[in-house]
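# Fold and geometry: a report
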Amino acid sequence: MLKNCELCGKLFAHPARTLCEDCYGKVQESYEAVKEYLQKHPGASVAEVAQATETEVDTIYQFIREGRLSIIPKDVSLTCEICGAPITTGRICRKCRAELAQTAPKETQPGTKRLVDDSRVRYLDQMKRRR
């Protein structure tokens, strides 16, 4: 599927990514630099990390929201996007996540068995049956 890169606007083809290969590589380099800096300086602030690694503050917050960083800068203040409660990583708090899991339809809850005909891979199942 052809897409435009979210950062540079360049046209590229990838089934899941929203960044072209060049921008994805740059983001990965930034992530590695931030991760290494936080491992060496666990008490650093977001501004210190951004300055030392030459990474934008928004990018560092994106890494935190994605849950990619195991060590979080000391001054990070994130809030749940649903209720506004303070959180340390991700986008929603545990309470809201649990409520969402309870209200999800039964077919999408983990642990429930789905029928083969109800799956998204029906085409592959049909191909297997033909053989």
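Per chain, residues are indexed from 1 in the order of the written sequence. It should be noted that, the model being predicted, local features are given only for residues of pLDDT at least 70 and side-chain atom pairs only at 80 or more, the latter also being counted only at that level, while totals for whole chains, interfaces and linings use all residues. Hydrogens and water molecules were not included; the side-chain quantities draw on all heavy atoms of the structure.

### Focus on the packing of helix α1 (residues 21-40) against helix α2 (residues 46-53)
This is how it is decided: Here an angle of 0 to 180 degrees is reported between the N-to-C directions of two axes, which are lines fitted to C-alpha atoms, with helices fitted over the stretch in contact. Helix numbering and strand numbering both begin at the N terminus, where a helix is a DSSP run of H or I of at least 4 residues and a strand a DSSP run of E of at least 2. Small angles under 35 degrees read as roughly parallel and large ones over 145 as roughly antiparallel, with 65 to 115 read as roughly perpendicular and the rest as oblique. Should the near helix be turned counterclockwise from the far one by less than a right angle, the crossing is left-handed, whereas a clockwise turn marks it as right-handed. Here, residues are in contact when the closest pair of their heavy atoms is within 4.5 Å. For this classification, Asp, Glu, Lys and Arg are treated as charged, while Ala, Val, Leu, Ile, Met, Phe, Trp, Tyr, Cys and Pro are nonpolar and the rest, including Gly, are polar.
Following both chains from N to C, one finds α1 and α2 inclined at 125°, their axes separated by 10 Å at the closest point. On the basis of the axis angle, α1 is oblique to α2. Relative to α2, the crossing made by α1 is right-handed. Of the residues in α2, those touching α1 at A33, V34, Y37 and L38 are E48, V49, A52 and T53. For the contact of α1 with α2, the class distribution of residues is six nonpolar, one polar and one charged.

### Topic: the state of the cysteines
The condition that has to hold: Here, two cysteine sulfur atoms that lie within 2.5 Å of each other are counted as a disulfide. Burial classes follow relative accessibility: with a 1.4 Å probe on protein chains only, a residue under 20% of its type's maximum area counts as buried, one over 50% as exposed, and anything between as partly exposed.
This model, assessed by the stated rule, comprises zero disulfides. Counting only cysteine sulfurs, C96 is the nearest neighbor of C93, a cysteine outside any disulfide, at a range of 3.5 Å. In this structure C93 comes out as buried when scored by relative accessible area, which is 9%.

### Details of the side chain of T55
The test is simple: N or O atoms within 3.5 Å of each other form a polar contact, as long as, within protein, one can give a hydrogen and the other can take it, and as long as residues adjacent in sequence are counted only when both atoms are side-chain atoms.
Mapped onto the elements, T55 comes out in the loop between α2 and α3 (57-65). For T55, a relative accessible area of 6% gives the class buried. Only 3.1 Å separates the side chain of T55 from the side chain of T53, close enough to count as a polar contact. Residues in contact with T55, not counting those within four places in the same chain, are S30, V34, A50 and I60.

### A short note on the packing of aromatic side chains
Note the following rule: Any two of the Phe, Tyr and Trp rings considered here, Trp counted by its six-membered ring, make a pair once their centres fall within 6.5 Å; the pair's planes then place it as stacked at under 30 degrees, edge-to-face at over 60, or tilted in between. The rule for a charge over a ring is simple: NZ of Lys or CZ of Arg within 6 Å of the ring centre, and within 35 degrees of the ring normal.
For the coordinates displayed, the defined rule picks out one aromatic pair. Consider the rings of Y31 and F63, whose centres lie 5.4 Å apart with planes at 75°: the pair is edge-to-face. Placement of the pair is Y31 in helix α1 and F63 in helix α3, with a sequence separation of 32 residues. Its guanidinium or amino end placed over the ring of Y24, R17 lies 3.8 Å from that ring's centre, counting from NZ or CZ. Directly above the ring of Y31 sits R68, whose terminal nitrogen or CZ lies 4.1 Å from the centroid.

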